[in-house]
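Chain and residue survey
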Amino acid sequence: MSKTRKQDIQHADEALLASLGYKQEFKRAFTPLEVFGIAFSIIGLLPSIASVLFYAIPNGGGPAMVWGWAVASIFILIVGLAMAELASAAPTSGGLYFWTFSLSSPRWRNLLCWIVGYANTIGAVSAVASIDWGCAVQIMAAANIGSADGAFEATSAQLYGTYAAVILTHTLLCCLGTTVLARLQTIYVGLNVLLCLAVIIALPAATPSEFMNTASFALGDFTNLNGWPNGYAFIMSFLAPLWTICSFDSSVHISEEAANAATAVPWAIVGAISIAGILGWAINMSLAFCMGTDLEALYGSAQPMAAIFNNSFGHKGTLTLWAFVVLVQYMMGSSMLLAASRQSYAFSRDSALPFSFWLYRMNGYTGTPVNTVVFVAFWALLLGLLAFAGTVAIDAVFAISVTALYIAYAIPISARWLGDNDFKSGPFNLGFMSLPISVTAVLFMLFLGIVFLFPTTPQTGVSDMNYTVVVLGGVLFLSLVWYYFPKYGGVHWFTGPIANIDKMGIEVKGLELPPQNQVKNDSTSPSLEKMSKTSAEDA
């Protein structure tokens, strides 16, 4: 691409962002491939599947892994398509809560914007926590495999210490400059794809005959270890693909660092989900045929996928392959922390988070929001303390990340059709399919959001309860308490996104960003309609 063309794209992106009311603060160093890379690297596939295999094995075994993945992937793609259309219309780091405010009716826009912002924040923090907890478990699984006769068993304190070390190193990594972080995404994509292909091809070739399963067992023998009715257990297994192919809004949160964002971001979302769905299905198919028939032993092991690899590749082969699994999982965590920090930066830019005056700062040396990186890492460390409440408690962070993000996804998609607005699509346009896709996406997220609040088994005590409703409900409850707090609550001062630039490109402070449906004839008002027209023309 010529230098002139790059400059034209840069100017168009800056004009697009200005039409939304925001000045250009980040360096636009992410190419379309790298925008795709951050979503795909967060999905992670093989290490992600390894982290949540314990949800699929007891809720159906092979059929849940293969057919559950296929069914869930189709619906996840539908959710991604609905989000991609909004992302094309308004590519800003605030994304979800910005869309909610711009598309909702005047009576509800402030409250809904507030709820979406906090749901997105807790969802992003939970995603960081769940990914890095999975990384810690995988590191300890390697220690178990490497010990004599698998004698080493990590304690909760050792796991948490490893988890803390992973988060702290990610914090340092995500404080680097934008260009460095962008270039890393290409490396992450390459390693992800190579690792997936290696397992898809090598696992069936290396597995001894005693561990190879027949097609009838791998694809049709439904194994239910948790006690729910088979149909409901099958639905519970969806948490594995839903957690794996999640946080694709990460591409939205780096919109202000992406070149040609109105086109690159939506296609990154759709591309990452599609490729992950296909490769993930192939990985699950390979695992289902090569995991043997003793699913109870796999479920009871420290790390089910590590146990499958150990049966197939042997001790040394498993350690070698597992090292790459851990590396890719580590890369996932760094990409997720990067995206989460950008979302928190955008939310604090609009003064919605506590200590926004401190969080909304760009480091003068690195040109990155170091304070919000530290903010997200701190809350992820606190969330990891659930490990000391038991395995079921810490496993809840996987469900929290999906449930919280689905709340944040569903509201702006619904607001597009239910709010008082005149939405205009960007370059990525679903045409007449927009409404049915949006309705299907919202109904799917609503249903699964309720399902994932249920405990793992119907026979549940205090130690086995699902802490998702406690943590997520608690955070949302406290956010509402703060919103309605007498005199000082957000209801008295929060007016949604705040513009920091006027229509002439001059920086301003404290200018309310009036939505299109509130000030329809004000030429200085940033709106989805005006922005969409600009993006369509530039595209």
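Cut-off values and rules
- In this convention, every chain numbers its residues from 1, walking through the sequence in written order.
- In keeping with the predicted nature of the model, local features appear solely for residues at pLDDT of at least 70, side-chain atom pairs appear and are counted solely at 80 or more, and the whole-chain, interface and lining totals rest on all residues.
- The side-chain values count all of the structure's non-hydrogen atoms but skip hydrogen atoms and water molecules.
- Numbering goes from the N terminus for both helices and strands, where a helix is a DSSP run of H or I of at least four residues and a strand is a run of E of at least two.
- Between buried and exposed lies partly exposed: a residue is buried under 20% and exposed over 50% of the maximum accessible area for its type, with that area taken using a 1.4 Å probe on protein chains only.
- Contacts are assigned to residue pairs that have any heavy atoms within 4.5 Å of one another.
- His is not counted, nor are the chain ends, whereas Lys and Arg count as positive and Asp and Glu as negative.
- Every charge is mapped to an atom, namely NZ of Lys, CZ of Arg, CG of Asp or CD of Glu.
- For this analysis, a nonpolar core means a set of buried residues of the types Ala, Val, Leu, Ile, Met, Phe, Trp, Tyr and Cys, connected via side-chain atoms within 4.5 Å.
- For helices, the fitted line uses only the C-alpha atoms of the stretch in contact; every axis is such a line through C-alpha atoms, and the angle between N-to-C directions lies from 0 to 180 degrees.
- Convention used here: angles under 35 degrees read as roughly parallel, angles over 145 as roughly antiparallel, angles from 65 to 115 as roughly perpendicular, and any remaining angle as oblique.
- Left-handed describes a crossing whose near helix is turned anticlockwise from the far helix through less than a right angle; right-handed describes the clockwise counterpart.
- Expected span, for any helix, means 1.5 Å times one less than how many residues it has.
- To get the bend at a given residue, fit one axis to the seven residues ending there, fit another to the seven starting there, and take the angle between those axes.

Thoughts on the overall build of the protein
Secondary structure assignment for the protein yields 21 helices and four strands. Once the C-alpha set of the protein is aligned to its principal axes, its extents read approximately 70 × 55 × 45 Å. Within the protein, buried positions represent 58% of all 539 residues. Taking the intrachain contacts of the protein between residues at least 6 apart in sequence as the baseline, contacts between residues at least 24 apart amount to 82%. Taking the average place of the 21 positive charges on the side chains of the protein and the average place of its 28 negative ones, the gap between the two points comes to 13 Å.

Notes on the nonpolar core
Grouped together as the largest cluster of nonpolar side chains are 169 residues, with contacts concentrated most on Trp99, Leu242 and Tyr409. Once residues within four sequence positions are removed from consideration, Tyr409 is found in contact with Val79, Met83, Leu96, Cys246, Ser247, Phe248, Asp249 and Met445.

Thoughts on the packing of helix 5 (residues 96–103) against helix 18 (residues 391–418)
Closest axis-to-axis distance for the helix 5/helix 18 pair is 8 Å, and the angle between their directions is 30°. On the basis of their axis angle, the class for helix 5 and helix 18 is roughly parallel. Relative to helix 18, the crossing made by helix 5 is left-handed. Where helix 5 abuts helix 18, its residues Leu96, Trp99, Thr100 and Leu103 lie against Ala408, Tyr409, Ile411, Pro412, Ala415 and Arg416.

Observations regarding the side chain of Asn226
Relative to the assigned elements, Asn226 resides in the loop between strand 2 (223–224) and helix 10 (230–236). When neighbours within four sequence positions are excluded, Asn226 is seen to be in contact with Pro58, Asn59, Tyr299, Thr456, Thr457, Pro458 and Gln459.

Some remarks on helix 4 (residues 62–89)
Under the 1.5 Å per step criterion, the end-to-end length of helix 4 is 40 Å for 28 residues, consistent within 8% with the ideal 40 Å. Remark: the principal bend of helix 4, roughly 30°, maps to Gly68.

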